[in-house]
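# Structure at a glance
Letter by letter, the chains look like this.
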Amino acid sequence: MNKILLSLILTLPALAGFKNTTQVVPLKFGQESATIVFETTGEEIDDAEPHCDCTKVSIKGHRLTAVVDTHTFDRDVEKTISAETADGEEVTLRMQFRVPQAMQLSARSLVWKRGSAPAPQVLRITLPKGSPITHITDAALSGDAFDYTPKVVKKGREYTVTCTPRSTTKATLNRLLLTTNSTDPRYQRQIIYLQVKK
């Protein structure tokens, strides 16, 4: 039975005649744009409409070329295109961008439960090799509900920020802003949320 099902799956035609409808696109640090090509098995492509202003498309016969402006991408993101082939079939083409992380965080938010002990939590920050960030230059808190202590473990590589709520009797939210020495706007700042939740 399994062999029959596998045979049926292998012989099913691609959706709307496209060889593939999803492409994973790994990006490099600082990459400004990416070109992605979708092709049908021979059916001509009549029309295509990107769902984001960052994407420009061109069609030539059975080939669709998408040029995507990636200069603002600071985390993994998916962009899509609606395409229609000459036989009237419509399909959504997906481009899944994998964006390298210039700063690796142990958490994007630190959370305490209201009424719990105001115990310190440690945010750990690592700068991977090849990162466009070579140093964290500042850590600043918006608000006064927490005490925080930044520490350089290994300059250019490892950092910590120890955060402690002054009280957990009521819900509150502050932001910890990390500033870096990167010249790329995507990597100049990182926000971590500190929150006492109900």
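Anything mentioned here points back to the structure above.
## Points about the overall build of the protein
Each helix and strand counted, the protein has one helix and 15 strands in total. Expected size for 198 residues packed as a compact globule is a radius of gyration near 16 Å; at 24 Å, the protein overshoots this value by more than 25%. Its C-alpha atoms put the protein at 65 × 45 × 30 Å along the principal axes. Split into buried and exposed, the 198 residues of the protein put 33% on the buried side.

## Digging into the sheet that holds strand β13 (residues 158–165)
Read from one edge to the other, the open sheet built from four strands follows the order β8-β10-β13-β12, with strand pairing classed as antiparallel. A strand with exactly one partner marks an edge of an open sheet, and here the two such strands are β8 (104–105) and β12 (146–154). Looking at chain direction, strand β10 (residues 121–126) and β13 are connected through six bridges and run antiparallel. Bridged to I125 within β13 is Y159.

## Points about the pattern of salt bridges
On inspection of all chains with the given rule, the structure shows six salt bridges. Among the ionic pairs, K19 bridges to E39, the shortest N-O distance being 3.5 Å. Of this pair, K19 sits in the loop between α1 (2–11) and β1 (22–26) while E39 sits in strand β2 (residues 33–39), placing them 20 residues apart in sequence. Under the relative-accessibility criterion, K19 is labelled exposed at 53%. Ionic pairing is found between R94 and E78, a salt bridge with its closest N-O pair at 3.0 Å. Highlighted residues: R94 in strand β7 (residues 90–98) and E78 in strand β6 (residues 77–85), separated in sequence by 16 residues. Since its relative accessible area comes to 33%, R94 is described here as partly exposed.

The rules behind these values
- Residues numbered from 1 in each chain as written.
- Predicted model: local features only at pLDDT ≥ 70, side-chain atom pairs only at ≥ 80, totals over all residues.
- Heavy atoms only, no water.
- Helix = DSSP H or I, 4+ residues; strand = E, 2+ residues; numbered from the N terminus.
- Rg over C-alpha atoms; globule rule 2.2 N^0.38 Å.
- Buried < 20%, exposed > 50% of the residue type's maximum accessible area, 1.4 Å probe, protein only.
- Pairing = 2+ DSSP bridges.
- Salt bridge = Lys/Arg side-chain N within 4 Å of Asp/Glu carboxyl O.

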